[in-house]
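Each chain is listed here by its residues.
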Amino acid sequence: MNILQFYRRFPIAITAALGLVVIENAAWIVEPGVFGKVIDALIDRASGEAAGTYLTPLFVWIGVFVLNSTAGALRRSVDPRIFLNIFTTIATDISEKGNQQALSISKIAARAELSREFITFFQYRVPEIIEQSITIVGAIIAMMFFDWHIALTCFVIIIPLVAMTRLYTNRVIGLQKDLHDNREEAYNVFSTREPAKVHEYFSTMARAERRIADWGAINFGVIRFFLLGIFLGVLYIAIDLDDFSTGNIYSIIAYVWTFVTSSEYLPELLESWTSLKDISRRIQSSSM
C-alpha cells in the first residue's frame, strides 16, 4: 500500500482530517499580517489619530484567531477517532494476508506494528508537511506584500535546502531499511532465549539509529547556517532600506521566524518519509 492507495481506501475520513489541517494553518499564516495592522491602529489611536479605526482590524484578528483555534481543537478531537479505526482495519488485513502467505509470526506481528508507523505518518507527519508547506509558501507570499527583496531572499535560500535534503534522504533510506529488517526478526531473536543474541540485535539497531541521528544533525546544522543568512538579510532590508511601521516590522519578523522554524522541521519530516517508503513496500508485499 502506498500513499495514493491509502487515500483511495479511506477518502472521506482522510479528506475530513486534512481539511481541518488546511483551515487551521491557512488562518494561522494570516494572523501575523492582521495583527501587525492591529498594532499600527492602536499606536495611531494612542497618538490621537483616527480614534475608532482600531476596532475593524481588531475584530478581523479576533475572527482569524477564533477560526484557527476552533479548527485546531476540532482536529485534535476528530483525528484519533479516524486513524485508530484505520489502523485496526489495516492491521487486521495484514494479519489475514500474512497467514494466507504462511509468513512467520515474527514477520506478521512486526509488519502489523510497522503499519502503525504508516498511520502515525498520516495522522501526524502529513499534517506537518501540509502545515510547513503552507507556512513556508505563505510566509514568502506574505512578505512580498512588504518588500519583494525580502521574499526573494527567502525563496533563493530554498535551493541549497532542497539540495541538502535530497542528500539526506539518499543516505538515510538504506539505514531505515536495515532498521525495519531487524524489527521483523525481533520475535525470532527473543525466542532463542540467548542474551548474547538479544544484545547483538539491539546493538545493531542502535548503530543504524546513531547513523541516522548523525545525518540528521549534519542536515540541521547546514540548514541553520543558511537560515542565519536569511535573518541578516531580512533585518538589513527591513530596518536599513525600508521605512516600515512598527506593525509591519512585527509582521515581517513573525513571518521570517515562521519560515525559519518551518525549515528546521525538514530533516525530521524527511526521516519519516524515507521510513514510510520502506514500510509501504513491506505492507505491499504482504498484500500481494
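(A) Region of the structure containing the overall build of the protein chain. Of the regular secondary structure elements, the protein chain holds nine helices and zero strands. Secondary structure elements of the protein chain, listed N to C terminal, follow the sequence α-α-α-α-α-α-α-α-α. Within the protein chain, contacts between residues separated by at least 24 positions form 83% of all contacts whose residues are at least 6 apart in sequence.

(B) Broad picture of the packing of aromatic side chains. A full pass over the atoms with the stated rule returns three aromatic pairs. With centroids separated by 5.7 Å and ring planes inclined at 45 degrees, the aromatic side chains of Trp61 and Phe65 adopt a geometry described as tilted. Here Trp61 pairs with Phe65, and both are found in helix H3 (residues 55-100), just four residues apart, close to one helical turn. For the pair Tyr201 and Phe202, a centre-to-centre distance of 4.9 Å together with 80 degrees between the ring planes defines the contact as edge-to-face.

(C) View of a nonpolar patch on the surface. On the surface, Leu55, Phe59, Ile62, Phe65 and Val66 cluster together into a nonpolar patch covering about 440 Å² of accessible area. Looking at the secondary structure, you find Val66 in helix H3.

(D) Representation of the pattern of salt bridges. One pass over the full model with this rule turns up four salt bridges. In this structure, the salt-bridge partner of Arg75 is Glu24, at a minimum N-O distance of 2.9 Å. Taken as a pair, Arg75 in helix H3 and Glu24 in helix H2 (residues 11-46) lie far apart in primary sequence, 51 residues in all. The salt bridge involving Glu24 is made with Arg76; its shortest N-O contact spans 3.3 Å. You can see Glu24 sitting in helix H2 and its partner Arg76 sitting in helix H3, a full 52 residues away along the chain. Taking relative accessible area as the criterion, Glu24 reaches 10% and is therefore assigned buried. Linked by salt bridges that have partners in common, Glu24, Arg75, Arg76 and Asp79 make up one network.

(E) Representation of the nonpolar core in the model. Counting residues in hydrophobic clusters, the biggest one holds 43 residues, and the most contacted among them are Phe6, Ile86, Met143, Ile230 and Phe259. The set of elements that each furnish at least two residues to this core consists of H2, H3, helix H4 (105-144), helix H5 (148-183), helix H7 (195-241) and helix H8 (246-263). Looking at which element gives the most residues to this core, the answer is H4, with 13 residues. For Ile86, the residues in contact, after removing those within four places along its chain, are Phe6, Phe10, Ile14 and Ile119. Formed by eleven residues, the second largest nonpolar core is a distinct cluster that contains Leu175, Leu179, Met205 and Ile212.

(F) Just the environment of Leu227, in detail. Its place among the elements puts Leu227 in helix H7. Leu227 sits in the buried class, given a relative accessible area of 2%. With 73 residues separating them along the chain, Leu227 and Cys154 place their C-alpha atoms 8.7 Å apart.

(G) Representation of the packing of H2 against H8 within the structure. Following both chains from N to C, one finds H2 and H8 inclined at 160 degrees, their axes separated by 7 Å at the closest point. If you check the angle between H2 and H8, you find them roughly antiparallel. Judged by the twist between their axes, the crossing of H2 over H8 is right-handed. Packed against H2, whose contacting residues are Trp28, Ile29, Val30, Pro32, Gly33, Phe35, Gly36, Ile39, Asp40 and Ile43, the element H8 presents Thr246, Gly247, Asn248, Tyr250, Ser251, Ala254, Tyr255 and Thr258 at the interface.

(H) Expanded view of H5. For H5, which comprises 36 residues, the first-to-last C-alpha distance of 50 Å matches the rise-based estimate of 52 Å (1.5 Å per residue) to within 8%. Taken as a whole, H5 carries its principal kink of about 30 degrees at Val172.

(I) Inspection of H8 at higher detail. The end-to-end C-alpha separation of H8 is 26 Å, in line with the 26 Å expected for 18 residues at 1.5 Å each. By the burial criterion, the buried members of H8 are Gly247, Ser251, Ile252, Ala254, Tyr255, Val256, Thr258, Phe259, Val260, Ser262 and Ser263.

(J) Structural view of the side chain of Asp79. Within the fold, Asp79 resides in helix H3. Residues in contact with Asp79, not counting those within four places in the same chain, are Ala17 and Gln123.

(K) Fine view of the environment of Ile23. Checked against the element boundaries, Ile23 lands in helix H2. Since its relative accessible area comes to 40%, Ile23 is described here as partly exposed. Expressed as a C-alpha distance, the spacing of Ile23 and Gly72, which sit 49 residues apart in the sequence, is 8.6 Å. Leave out the neighbours within four places in its chain, and Ile23 touches Leu67 and Ala71.

Criteria and thresholds
- Residues numbered from 1 in each chain as written.
- Predicted model: local features only at pLDDT ≥ 70, side-chain atom pairs only at ≥ 80, totals over all residues.
- Heavy atoms only, no water.
- Helix = DSSP H or I, 4+ residues; strand = E, 2+ residues; numbered from the N terminus.
- Contact = heavy atoms within 4.5 Å.
- Phe/Tyr/Trp six-rings, centres within 6.5 Å; stacked < 30°, edge-to-face > 60°.
- Patch = residues over 30% accessible without salt bridge, like charges linked within 9 Å, V, L, I, M, F, W, Y side chains within 5 Å.
- Areas by Shrake-Rupley, 256 points an atom, 1.4 Å probe, with all protein chains shown as cover.
- Salt bridge = Lys/Arg side-chain N within 4 Å of Asp/Glu carboxyl O.
- Buried < 20%, exposed > 50% of the residue type's maximum accessible area, 1.4 Å probe, protein only.
- Core = buried A, V, L, I, M, F, W, Y, C linked by side-chain atoms within 4.5 Å.
- Axes fitted to C-alpha atoms, helices over the stretch in contact; angles between N-to-C directions.
- Parallel < 35°, antiparallel > 145°, perpendicular 65-115°, else oblique.
- Left-handed = near helix turned anticlockwise from the far one by under 90°.
- Expected span 1.5 Å × (residues − 1).
- Bend = angle between axes of the 7 residues up to and from the residue.

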